[in-house]
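Residue strings, one per chain:
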Amino acid sequence: MSISGGQEDGQPMMDLNTTPLIDVMLVLLIMFIITIPIQTHAVKVDLPQNSPQNATPIEPEKNKLYIDGEGRVFWNSVQIDDVTLRQYLDASIQRDPEPELHFQPDPQARYDVVDRVLAIVKRANVTKLGFVGNEQYRNDF
């Protein structure tokens, strides 16, 4: 860091050269950044433990809810109405473990019928619902 003297006319003007000071500060900043340890973020996950008593899982019953192209609703290949559907859904969610409900509407089924049946399923608080046959719509969009 050099200090320059005043001008020839006798003024006491002194300029401080800050370039070397900035260079030293940048080097110190880089050294500080390098020496900081990298923080590792750990996420605790409770993994399931292998137990001999659960070696063979119980396969729950699967119920199939089908809507054909004419709007008829079928429960495991038996035609039912909305009231019977709600009774079957209420009975199935009481079982332990709750059976899976496979929902498969026909591609020609009217949307309002499918919507009405899905509303009944939702009001019944079914937690295990799967849509079957979605691959038939793969090329439609």
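Above this note sits the structure.
Residues numbered from 1 in each chain as written. Predicted model: local features only at pLDDT ≥ 70, side-chain atom pairs only at ≥ 80, totals over all residues. Heavy atoms only, no water.

1. Quick word on the overall build of the protein chain
Stated precisely, the cut-off is as follows: In this text, helices come from DSSP runs of H or I with a minimum length of four residues, and strands from runs of E with a minimum of two, each type numbered from the N-terminal end. The rule is simple: take the accessible area with a 1.4 Å probe, protein chains only, and divide by the maximum for that residue type; under 20% is buried, over 50% is exposed, in between is partly exposed. Any pair of residues with heavy atoms lying within 4.5 Å of one another is described as a contacting pair. Computed with the Shrake-Rupley method and a 1.4 Å probe, the accessible areas treat only the protein chains shown as cover for residues.
When helices and strands are counted, the protein chain shows 3 helices and 7 strands. Expressed as a percentage of its 141 residues, the buried residues of the protein chain come to 20%. Within the protein chain, counting contacts between residues at least 6 apart in sequence, those at least 24 apart form 61% of the total. Surface summary for the protein chain: the accessible area is close to 11700 Å², and the carbon and sulfur share equals 56%.

2. A closer look at a nonpolar patch on the surface
Condition: Think of a patch as exposed residues, more than 30% relative accessible area, with no salt bridge, where like charges cluster within 9 Å and nonpolar side chains (Val, Leu, Ile, Met, Phe, Trp, Tyr) cluster within 5 Å. We define a salt bridge as a contact between a side-chain nitrogen of Lys or Arg and a carboxyl oxygen of Asp or Glu at a distance within 4 Å.
Residues I22, L26, L29, F32, I33 and I36 make up a contiguous nonpolar surface patch of roughly 580 Å² in combined accessible area. The residue I33 is located in helix α1 (residues 19-35) in this model. For I33, a relative accessible area of 52% puts it in the exposed group.

3. Observations regarding helix α2 (residues 82-93)
The criterion, for reference: To estimate the expected span of a helix, count its residues, drop one, and scale the result by 1.5 Å. What the arc describes is the spread of directions from the helix axis to the C-beta atoms.
Its 12 residues give α2 an end-to-end C-alpha distance of 17 Å, which sits within 8% of 16 Å, the value for a rise of 1.5 Å per residue. For α2, the set of buried residues is L85, L89 and S92. One side of α2 holds all its buried residues, which, seen down the axis, span an arc of 65°. What points out from α2, more than 90 degrees from its buried face, is the exposed set V83 and Q87.

4. Section: the sheet that holds strand β5 (residues 78-80)
Rule in force here: The criterion for strand pairing is that DSSP finds at least two bridges linking the strands in question. Orientation is described by lines fitted to C-alpha atoms, with helices fitted over the stretch in contact, and by angles between N-to-C directions that extend from 0 to 180 degrees.
Here 5 strands make up an open sheet; going across it, the order is β5-β4-β3-β6-β7 and the pairing mixed. This sheet does not close on itself; its edge strands, each paired only once, are β5 and β7 (129-131). Strand-to-strand twist across the sheet, computed as the mean angle between neighbouring axes with direction ignored, equals 30°. Inspection of the sheet shows strand β4 (residues 73-75) paired to β5 by 3 bridges, in the antiparallel sense. The residue of β5 that forms the bridge with W75 is V78.

5. Describing the nonpolar core
We count it as follows: To define a nonpolar core, start from buried Ala, Val, Leu, Ile, Met, Phe, Trp, Tyr and Cys residues and group those joined through side-chain atoms within 4.5 Å.
Counting 17 residues, the largest nonpolar core has L65, I67, W75, L85, L89, L101 and V117 as its most contacted members. For this core, the secondary-structure elements that each account for two or more residues are β3 (62-67), β4, α2, β6 (100-105) and α3 (111-123). Ignoring sequence-local partners within four residues, the contact set of W75 consists of N63, K64, L65, I80, L85, Y88, L89 and L101.

6. Comments concerning the pairing of β6
Successive side chains on a regular strand alternate, one facing one side of the sheet and the next facing the other. Using the following cut-off: If the strands point away from the viewer and the path from the first strand over the helix to the second runs clockwise, then the crossover is right-handed.
Where β3 meets β6, 6 bridges bridge the pair, whose relative direction is parallel. When the sheet's bridge partners are listed, Y66 is paired in β6 with Q104. Looking at chain direction, β6 and β7 are connected through 3 bridges and run parallel. The residue bridging L101 from the neighbouring strand is L129, located in β7. Crossover β6 to β7 through α3 is right-handed.

7. Focus on the packing of α2 against α3
Relative orientation and spacing of two packed helices are given, respectively, by the angle between their axes and the distance between those axes. Rule in force here: Each crossing is labelled by how the near helix is turned from the far one, with a counterclockwise turn of less than a right angle marking it left-handed and a clockwise turn marking it right-handed. Polar here means any residue outside two lists: the nonpolar Ala, Val, Leu, Ile, Met, Phe, Trp, Tyr, Cys and Pro, and the charged Asp, Glu, Lys and Arg; Gly therefore counts as polar.
For the pair α2 and α3, the least separation of the axes is 10 Å and the interaxial angle reads 30°. Judged by the sense of rotation from one axis to the other, the crossing of α2 with α3 is right-handed. Here D82, L85, R86 and L89 of α2 lie close against α3, whose contacting residues are R116, V117, I120, V121 and R123. Broken down by class, the residue content of the contact of α2 with α3 amounts to 5 nonpolar, no polar and 4 charged.

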